[in-house]
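Coordinate inspection notes
Residues per chain are reported as follows:
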Amino acid sequence: MGHTCRGTINLATAVISVDDACNFVISNGGAQTYHLKASSEVERQRWITALELAKAKAARMQAESGTFEKCFVQSTLRTLGSKVEDLSTCNDLISKHGSALQRSLSELDGLRLTGEAGDKIRQVTERATLFRITSNAMINACRDFLSLAQTHSKRWQKALQTEREQKVRLEEALEQLAKQHNHLERAFRGAGQSHAIVDNKGAAGLGKGEASDEDDDNEFFDAMEDAPEFITVPADPQFHKSEPLAMNPDSPSQELVPLKKRRTRIPDKPNYSLNLWSIMKNCIGKDLSKIPMPVNFNEPISMLQRLSEDLEYHELLDKAAKCHSSLEQMCYVVAFCVSAYSTTVYRTGKPFNPLLGETFELDRRRESGYRSLCEQVSHHPPAAAHHVISDRGWTLRQEITVASKFRGKYLSIMPLGTIHAIFEKSNNHYTWKKVTTTVHNIIVGKLWIDQSGEIDIVNHTTGDRCHLKFAPYSYFSRDVARKVTGVVMDKNGKAHYVLSGTWDEKMEFSRVMQSSRGGENGTEGKQKTVYQTLKARELWKRNPLPDGAESMYYFTALALTLNEPEEGVAPTDSRRRPDQRLMEDGRWDEANGEKQRLEEKQRSVRREREREAASAPHDTHKALWFESCEDQITGEQVHIYKGGYWEAKELGNWEGCPDIY
């Protein structure tokens, strides 16, 4: 029972008891207990009888299996023991005859060649013959022992290999069954139904884990990590007939042709070997931002550029700005929030830690209507301020502080800070936070990334809210991997839209027509809400990666252009950072040396600044393009863009920029 599924009960040791006329209980005497309900007393008795017979058979098989294995082992040990005794006897005889032969040879050396010589020679010959016979016997005994050991060794190896293959087959079958069930479940949810039947009596019975009595064929599933908080079913056809457009149709807009052709490739990633453990063994439990790391762990962009990648799907905010309904607008904001993680699914490289005062601009005003500016406003703790203004009616700002911990097997990255999205036309102001990113198999195995946690996206103008859940990966879960679910509610708590999908692929939304309280979740006693929804529609879908992305750090089309050299940017721009440029060009040894020089220069500047302001207990650095103030919405101390950057760029006046490179 060492490889059984989570939540199973060993039938051989199970306790089966009767609850009432139709209910019975199966328990393992500990934490696992299942309450089952039959359709009638006769049906209950049939189940009890069948389970008792199966329990007796399981116990008998378990006992027989244990007895057979014990007898087999004892018999093998007795055989091997007797062979060892034979070897010991032969060893004693060889020692005895060898000593006698040695004495005879010694006596032969002391004799003169007389008549006695013939007798002694015959005696030595006899001794030698006995020694040869005994030696041959020992050799044969050793050969028998070796043959027996090899035979049993092959048998044990074959049995072990069979067990391993069976385990692999069972795991593959379990995974295939989970995929098939998930496919059928999604097909069922997507199919059009004549109407949704909600049986109050059957739903109330779910408190003990049973399905509705009206179902002829009941299905039983393994326990999940986290039970869903709500259930969606197709709505009544009457709602489909009068269904309004869930989203405002996009008016045909003229696409702006980019004035500059952006690059589509960067130099391929070189294959350099590195002893990972020799570096990481001293990092356990420490903040990763304070540990000097070689560029071998990096990707050739900075954290400021990585933050700008949130704009990969900026068109979602363009669509949100056109919405007249705040609830519909919330759906697009949620999709934008989720889409920011789609670029991380294969990105196991660490971005460069920005230097204090480093900036990054992303001017896509003529192509996509927005301008973005990031600045590193603090070094310990590392914090970056980001401001985006769009000609299409929205503004995005955030200040993110990244906390990271290395735990030996995995790396946890916790972004701290609040993201704000403001729409000019409606004056709707949304806020949300980021979830935790986990990088698994740091030391051994293939690196993979997971996003997990729960966040609330809030419209502070109308009171609308969406509770979004990123489900952590679980091998035993029946759900699709990287699943995201959420419900959009108004200020009164009434549900209007249900959102579902995955953070690496797509998001869909369904309009809620009716909702009702269902049965209880048996493990926690919480009631599930049943939402009757219209057919799901696609909100967002991930763009495919460029050709050859696996050799270019799995960069997206936008990420490939972020470090492209541009004229007129600030001297503190990430594109001008020398170690990052050397790494992109494949010159990693030179990049490591340049990285150490930049970090030491930054430490020297900080020590000098602290000496000049010895009375100040904290770092006296002030951001150039952002100013520190209290956020009116969250009450947090944040950095807000104070203006002046784009005007300085137009004039080509960068006199206030520090020399950080």
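Nothing here was measured: the structure is a model prediction, and the numbers come from that model. (Residues numbered from 1 in each chain as written. Predicted model: local features only at pLDDT ≥ 70, side-chain atom pairs only at ≥ 80, totals over all residues. Heavy atoms only, no water.)

Looking at the overall build of the protein chain
To keep things clear, this is the line we draw: Every helix listed is a DSSP run of H or I at least four residues long, and every strand listed is a run of E at least two residues long, numbered separately from the N terminus. Here's how the labels work: a residue is buried when its accessible area is under 20% of the maximum for its type, exposed when over 50%, partly exposed in between, all with a 1.4 Å probe on protein chains only. In this description, contact between two residues means that some pair of their heavy atoms is separated by no more than 4.5 Å. We get accessible surface area from the Shrake-Rupley algorithm with a probe of 1.4 Å; when it comes to residues, only the shown protein chains can shield them.
From N to C terminus, the protein chain includes 13 helices and 23 strands. Burial analysis of the protein chain (661 residues in total) assigns 39% to the buried set. Considering only contacts within the protein chain whose residues lie at least 6 apart along the sequence, 61% involve residues at least 24 apart. Surface accessibility of the protein chain: about 37500 Å² in total, with carbon and sulfur atoms responsible for 52%.

Description of the packing of helix α7 (residues 315-322) against helix α8 (residues 326-339)
Under the convention used in this document: Inter-axis angles, ranging from 0 to 180 degrees, are taken between N-to-C directions of lines fitted to C-alpha atoms, where helices are fitted over the stretch in contact. Roughly parallel covers angles under 35 degrees, roughly antiparallel covers those over 145, roughly perpendicular covers 65 to 115, and oblique covers all other angles. For this classification, the nonpolar set comprises Ala, Val, Leu, Ile, Met, Phe, Trp, Tyr, Cys and Pro, the charged set comprises Asp, Glu, Lys and Arg, and every other residue, Gly included, is treated as polar.
Interhelical geometry of α7 versus α8 gives an angle of 170° and a closest axis separation of 8 Å. With respect to each other, α7 and α8 are oriented roughly antiparallel. Together, Leu 316, Leu 317, Lys 319, Ala 320 and Ala 321 of α7 and Gln 329, Tyr 332, Ala 335, Phe 336 and Ser 339 of α8 make up the contact between the two elements. Of the residues contributing to the contact of α7 with α8, the split by class is 7 nonpolar, 2 polar and 1 charged.

Details of the nonpolar core
The test is simple: Here the nonpolar core consists of buried residues drawn from Ala, Val, Leu, Ile, Met, Phe, Trp, Tyr and Cys, with membership extended through side-chain atoms lying within 4.5 Å.
By size, the foremost hydrophobic cluster in this structure holds 65 residues, and its most contacted members are Trp 432 and Leu 468. Broken down by element, the residue count for this core peaks at 10 residues, all from α8. Ignoring sequence-local partners within four residues, the contact set of Leu 468 consists of Val 334, Cys 337, Val 338, Gly 453, Glu 454, Ile 455, Ile 457, Val 484, Thr 485 and Gly 486. Formed by 14 residues, the second largest nonpolar core is a distinct cluster that contains Ala 385, Trp 625, Tyr 645 and Cys 657.

Side note on the pairing of strand β14 (residues 436-440)
Which entries qualify depends on this criterion: When DSSP finds two or more bridges between two strands, those strands count as paired.
Where strand β11 (residues 410-416) meets β14, 4 bridges bridge the pair, whose relative direction is antiparallel. By the bridge assignment, Ser 412 is partnered in β14 with Thr 438. With 5 bridges joining them, β14 and strand β15 (residues 448-459) adopt antiparallel strand pairing. Looking at β15, one finds that Thr 437 is bridged to Gln 451.

A look at the side chain of Gln 451
What counts here: The definition of a polar contact used here is a pair of N or O atoms within 3.5 Å, where within protein one atom must be able to donate a hydrogen and the other to accept one, and adjacent residues in sequence count solely through side-chain atom pairs.
For Gln 451, the position within the fold is in strand β15. In this structure Gln 451 comes out as buried when scored by relative accessible area, which is 0%. Here Thr 344 takes part through its side chain, which lies 3.0 Å from a polar atom of the side chain of Gln 451. Among the polar contacts listed, one links the side chain of Gln 451 to the side chain of Thr 437, at a separation of 2.6 Å.

Overview of the packing of aromatic side chains
To be explicit about the condition: Any two of the Phe, Tyr and Trp rings considered here, Trp counted by its six-membered ring, make a pair once their centres fall within 6.5 Å; the pair's planes then place it as stacked at under 30 degrees, edge-to-face at over 60, or tilted in between. We call a charge positioned over a ring when the NZ of a Lys or the CZ of an Arg lies within 6 Å of the ring centre and within 35 degrees of the ring normal.
Following the criterion strictly, the structure yields 13 aromatic pairs and no others. For the ring pair Trp 448 and Tyr 473, a centre distance of 5.5 Å and an interplane angle of 75° mean the geometry is edge-to-face. Of this pair, Trp 448 sits in strand β15 while Tyr 473 is found in the loop between β16 (465-470) and β17 (483-489), placing the two residues 25 residues apart along the sequence. Among the residues examined, Tyr 473 registers a relative accessible area of 47% and is labelled partly exposed. What links up through ring pairs into an aromatic cluster is the set Trp 625, Tyr 645, Trp 646 and Trp 654. If you follow Lys 434 out to its NZ or CZ, it ends over the ring of Tyr 341, 5.5 Å from the centre.

So, the confidence of the model for the protein chain
The cut-off we apply is this: A score between 0 and 100, pLDDT records how confident the predictor is in each residue.
The predicted model of the protein chain averages 80 in pLDDT, with 78% of residues at 70 or higher. Taken together, the stretch residues 192-225 has pLDDT below 50 and engages in 39 contacts with residues farther than four places along the chain or on a different chain.

Details of a nonpolar patch on the surface
The condition that has to hold: Think of a patch as exposed residues, more than 30% relative accessible area, with no salt bridge, where like charges cluster within 9 Å and nonpolar side chains (Val, Leu, Ile, Met, Phe, Trp, Tyr) cluster within 5 Å. Every case where a carboxyl oxygen of Asp or Glu lies within 4 Å of a side-chain nitrogen of Lys or Arg is listed as a salt bridge.
Residues Trp 448, Tyr 473, Tyr 475 and Phe 476 make up a contiguous nonpolar surface patch of about 410 Å² in total accessible area. Within the fold, Tyr 475 resides in the loop between β16 and β17. On the basis of relative accessible area, Tyr 475 is assigned to the partly exposed category, the value being 40%.

Some thoughts on the pairing of strand β12 (residues 419-423)
Consecutive side chains of a regular strand alternate in pointing toward one face of the sheet and then the other. Counted residue by residue, β12 has 4 buried out of 5 residues, so it is predominantly covered. Two strands pair when backbone bridges link them, and strand β10 (residues 394-406) and β12 are joined in this way by 5 bridges, in the antiparallel orientation. Note on β12: the bridge partner recorded for Trp 394 is Phe 423. The pairing of β12 with strand β13 (residues 429-432) spans 4 bridges and is antiparallel. Across the sheet, residue Ile 419 finds its bridge partner in β13, namely Trp 432.

Concerning the sheet that holds strand β3 (residues 33-37)
In space, the 3 strands of this open sheet follow the order β1-β2-β3, with antiparallel pairing throughout. With partners counted over all chains shown, the strands left at the sheet margins are β1 (15-18) and β3, one partner each. Averaged over neighbouring strand pairs, the angle between their axes works out to 20° when direction is ignored.

Quick word on unusual backbone geometry
Here the phi dihedral of Arg 482 falls at roughly 60°; this positive angle occurs in a residue that is not glycine. By relative accessible area, which is 28% here, Arg 482 ends up partly exposed. One non-glycine residue, Tyr 553, lies in the positive phi region at around 65°. On the secondary structure map, Tyr 553 appears in the loop between β21 (537-541) and α10 (557-562). Under the relative-accessibility criterion, Tyr 553 is labelled buried at 7%.

Focus: the pattern of salt bridges
All told, the structure shown has 33 salt bridges when counted by the stated rule. Asp 456 is paired through a salt bridge with Arg 465; the nearest N and O atoms lie 3.9 Å apart. Its relative accessible area of 33% is what places Asp 456 among the partly exposed residues. Residue class for Arg 465 comes out partly exposed when judged on its relative accessible area of 40%. With a shortest N-O distance of 3.2 Å, Asp 504 and Arg 482 are connected by a salt bridge. Residue Asp 504 is located in the loop between β18 (495-502) and β19 (506-521), and its partner Arg 482 is located in the loop between β16 and β17; the two are separated by 22 residues in the primary sequence.

Digging into α8
As a reminder, the rule being used: What a helix should span is 1.5 Å times the count of its residues minus one.
Between its first and last C-alpha atoms α8 spans 20 Å; for 14 residues at 1.5 Å apiece the expected length is 20 Å, and the two agree. Most of α8 is tucked away: 14 of the 14 residues are buried. For α8, the capping residue at the N-terminal end is Ser 325, with a side-chain oxygen 3.3 Å from the backbone nitrogen of Leu 327.

Some details on the environment of Glu 590
Here Glu 590 is to be found in helix α12 (residues 588-612). Its relative accessible area of 42% is what places Glu 590 among the partly exposed residues. Residues Glu 590 and Asp 579 lie 11 residues apart in sequence; the distance between their C-alpha atoms is 7.6 Å.

Things to note about the environment of Asp 585
Within the secondary structure, Asp 585 is located in the loop between α11 (578-584) and α12. For Asp 585 and Lys 269, which are 316 residues apart along the polypeptide, the C-alpha to C-alpha distance reads 8.7 Å.

Considering α12
The end-to-end C-alpha distance of α12, which contains 25 residues, comes to 36 Å, matching closely the 36 Å that a straight helix rising 1.5 Å per residue would cover. Three or more residues of α12 are buried, namely Trp 588, Ala 591, Asn 592, Glu 594, Lys 595, Leu 598, Glu 599, Gln 602 and Arg 609. Summarising the contacts, the buried residues of α12 are in contact with β6 (350-352) and α11.

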